[in-house]
Amino acid sequence: MYLGIDLGTGSVKALLIDDGGKVVTEASRVYPVSSPVPGYAETAPADWWAQTVAAVRACCEGRGSEVRGIGLSGQAHGLVVMGADAKPLRPAILWADQRATAEMDAVLALPETVRRPLANPVVSGMAGLSLLWLRANEPATYAAIRRILSPKDWLRLILTGETATEPADASMTLLYDVGADRWATDFLGSLSIDPSILAPVVESDAVAGRLTPAAAAELGLAPGTPVAAGLSDTASCLFGMGQVKPGSTILQVGSGIQIMSVVEAIEPRVQPFYNSYRGIGRSLYSMAALQNGGTVFEWARMVLGASWPEMYRAGFEENEGNGGIVFLPYVTGERAPLLDPNASAAWAYMRLGCTRNQLIRSVFEGVALAVRDSWDAMQGIGVSADRILLTGGGSTDPRWQQMLADILEMPLVPAHDLGNATIGAAYLGGIAAGHWRGPDDIPFPDELGAPVDPQPFEGLDELLARFRATYRGLRHI
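No experiment lies behind these values; they were computed from the predicted model shown.

A. Expanded view of the sheet that holds strand 15 (residues 257-263). In space, the six strands of this open sheet follow the order 16-17-15-14-20-21, with mixed pairing throughout. Single-partner strands in this sheet number two, and they are strand 16 (275-278) and strand 21 (412-414). Averaged over all adjacent pairs, the angle separating strand axes in this sheet is 25°, with direction ignored. Judged from the three bridges that link them, strand 14 (residues 249-253) and strand 20 (residues 388-391) form a sheet pairing that is parallel. Paired with Q252 across the strands is T391, a residue of strand 20. This element, helix 14 (residues 398-408), spans strand 14, strand 20 and strand 21 of the sheet and lies at about 155° to strand 21.

B. Structural context of the pattern of salt bridges. The final tally for this structure, using the stated rule, is 26 salt bridges. Here E112 ties to R116 by a salt bridge, and the two come within 3.5 Å at their closest N and O atoms. Of the residues examined, E112 reaches a relative accessible area of 44% and is grouped as partly exposed. Residue R301 pairs with E298 through a salt bridge whose shortest N-O separation is 2.9 Å.

C. Structural view of unusual backbone geometry. Note the cis peptide between A336 and P337, where omega equals -10°. Of note, P337 is situated in the loop between strand 18 (326-329) and strand 19 (345-348). Here the phi dihedral of A86 falls at roughly 65°; this positive angle occurs in a residue that is not glycine. Along the chain, A86 falls in the loop between strand 6 (80-82) and strand 7 (92-93). In this model, N319 sits at a positive phi of 60°, which is unusual for a non-glycine residue.

D. Up close: the environment of I193. Tracing the sequence through the fold places I193 in the loop between helix 8 (185-190) and strand 11 (207-210). I193 sits 27 residues away from G220 along the chain, and the two C-alpha atoms are 40 Å apart. When residues no more than four places from it in sequence are discounted, the contact partners of I193 are L131, L132, R135, Y142, L175 and L188.

E. Representation of the side chain of S236. Along the chain, the position of S236 falls in helix 10 (residues 233-240). Overall, the relative accessible area of 0% leaves S236 in the buried class. Setting aside residues no more than four positions away along its own chain, S236 makes contact with S73, L231, N420, A421, G424 and A425.

F. Quick peek at the packing of aromatic side chains. Within the structure shown, the criterion is met by 23 aromatic pairs. Both rings, one in Y2 and one in W436, keep their centres 5.8 Å apart while their planes meet at 50°; by these two values the pair is tilted. Here Y2 is found in strand 1 (residues 2-7), whereas its partner W436 is found in the loop between helix 15 (421-432) and helix 16 (460-475), with 434 residues between them in sequence. The class of W436 is buried, set by a relative accessible area of 6%.

G. Local environment of the nonpolar core. By size, the foremost hydrophobic cluster in this structure holds 128 residues, and its most contacted members are I148, F187, I193, F239, L251, F364 and W400. The biggest single contributor to this core is helix 13 (residues 356-380), with 11 residues. When sequence neighbours within four positions are dropped, the list of residues in contact with F187 reads V107, L110, V114, L118, L174 and L175. In terms of nonpolar packing, the next biggest core, distinct from the first, is built from 36 residues, V12, A14, A199 and A216 among them.

H. Broad picture of the side chain of D181. Mapped onto the elements of the fold, D181 is located in the loop between strand 9 (176-177) and strand 10 (182-183). Only 2.5 Å separates the side chain of D181 from the side chain of R282, close enough to count as a polar contact. With residues near it in sequence (within four places) discarded, D181 still touches P167, Y176, R278 and R282.

I. Region of interest: the environment of L238. Looking at the secondary structure, you find L238 in helix 10. Exposure remark for L238: the relative accessible area of 4% places this residue in the buried category. Along the sequence, L238 and V262 sit 24 residues apart, while their C-alpha atoms lie 8.5 Å from each other. When residues no more than four places from it in sequence are discounted, the contact partners of L238 are Q243, I250, M260, V262 and Y285.

J. Region of interest: the packing of helix 13 against helix 14. One way to put it is that helix 13 packs onto helix 14 with a least axis distance of 9 Å and a crossing angle of 45°. Taken as axis vectors, helix 13 and helix 14 run oblique relative to one another. Handedness of the crossing formed by helix 13 with helix 14: right-handed. Facing helix 13, whose interface residues are R361, F364, E365, V367, A368, L369, V371, R372 and W375, helix 14 presents W400, M403, L404, I407 and L408. For the contact of helix 13 with helix 14, a count of residues per class yields 11 nonpolar, no polar and three charged.

Cut-offs used in this document
- Residues numbered from 1 in each chain as written.
- Predicted model: local features only at pLDDT ≥ 70, side-chain atom pairs only at ≥ 80, totals over all residues.
- Heavy atoms only, no water.
- Pairing = 2+ DSSP bridges.
- Helix = DSSP H or I, 4+ residues; strand = E, 2+ residues; numbered from the N terminus.
- Axes fitted to C-alpha atoms, helices over the stretch in contact; angles between N-to-C directions.
- Contact = heavy atoms within 4.5 Å.
- Salt bridge = Lys/Arg side-chain N within 4 Å of Asp/Glu carboxyl O.
- Buried < 20%, exposed > 50% of the residue type's maximum accessible area, 1.4 Å probe, protein only.
- Phe/Tyr/Trp six-rings, centres within 6.5 Å; stacked < 30°, edge-to-face > 60°.
- Core = buried A, V, L, I, M, F, W, Y, C linked by side-chain atoms within 4.5 Å.
- Polar contact = N/O pair within 3.5 Å; in protein donor to acceptor, adjacent residues only side chain to side chain.
- Parallel < 35°, antiparallel > 145°, perpendicular 65-115°, else oblique.
- Left-handed = near helix turned anticlockwise from the far one by under 90°.
- Nonpolar A, V, L, I, M, F, W, Y, C, P; charged D, E, K, R; others polar.

Written out as structure tokens, the structure reads:
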């Protein structure tokens, strides 16, 4: 059997697959994300390890001796800083952290020729910016740094005693030349960052170490078990769903929303609205990351005092429409396609007589229109698809699926049982063990739902135009 471990933001998941790639068992454990100062997001790496041990033991109970390979995936952008003893110097700074605003300005002031190879927008939460924040605000900690790692690469260090990273995670640090597939030496030099603190880069499916006796004893696995380098969570999701060919596109709806599309090549741009990252086997994918998905619905439910059944009933069954109301869903600012941390939520064009049901309907429409806004922008940079696979826990209701298809004007194919990041990690474990030679050997599942074909959405062009104009009109107020 082959073990996948996905080190997420608030929980770790462990999953076993057999020789045929079928899921045998899985388990998960949670850990806290602390915010000692408003806007901060941190986790103690020791918590990751303790809960990884618990999850793996629960997943592999009675089967530990059968595990032949281990693969990893994990939350991206995070920063673990270590000293001369290879131990963390402080809690890890996570992707959701908002502290590095001054550092963003410093990077944006660099010449475009230095920033262009990064091929990604300069936004808060990136490891490179968090590192610069440490230099300015915790100089003693910064001076003691001998190595920096992403969360899942730190976990692999604990498993194997070996230090490495791989292109998928490295490309998400804002320290990487994505086109050249190496650390961005000119950028590092411009900021006086010592490249020796960066980990060597190996291929994602390469064996990047073997389980140490100490780690094996804690996990209940065999020492010497090969551990693959791994993938970032979004790259592992694409891989786990078998979406490795150019044109493969996924819409993932959770607390946030991601549109991910595998592409032939990228054209590095300065401060693009979208992300360009490395995937399995030197593949590339473009991603529009929307911060406002399920978070918006939870906020709206609280504000309007509505249960989930009430939300869906008002949104799709009461037939009151939106009453002319336009809802901007930017409760946490927005990345794609706006790159506006100050974007705000708003209900606009309300009049006497508008109802709670209409407000709720406009929330569903507003989130779907934001997805359409990003999809149109992605098509504007050359991304194309003849269908989009739909996944994520926030996209299971068929009425919501139909609205998304209608407003996107694209066929959506439900793929909730197709795979996920943890399965992608387990596939890497099978490659590390030599069971599969690479992605072409893996029997990816093909459990797809019936396509949700778009139907005419009354007044869509006018609604989309008003949605965009409302944001533009409020932006400078």
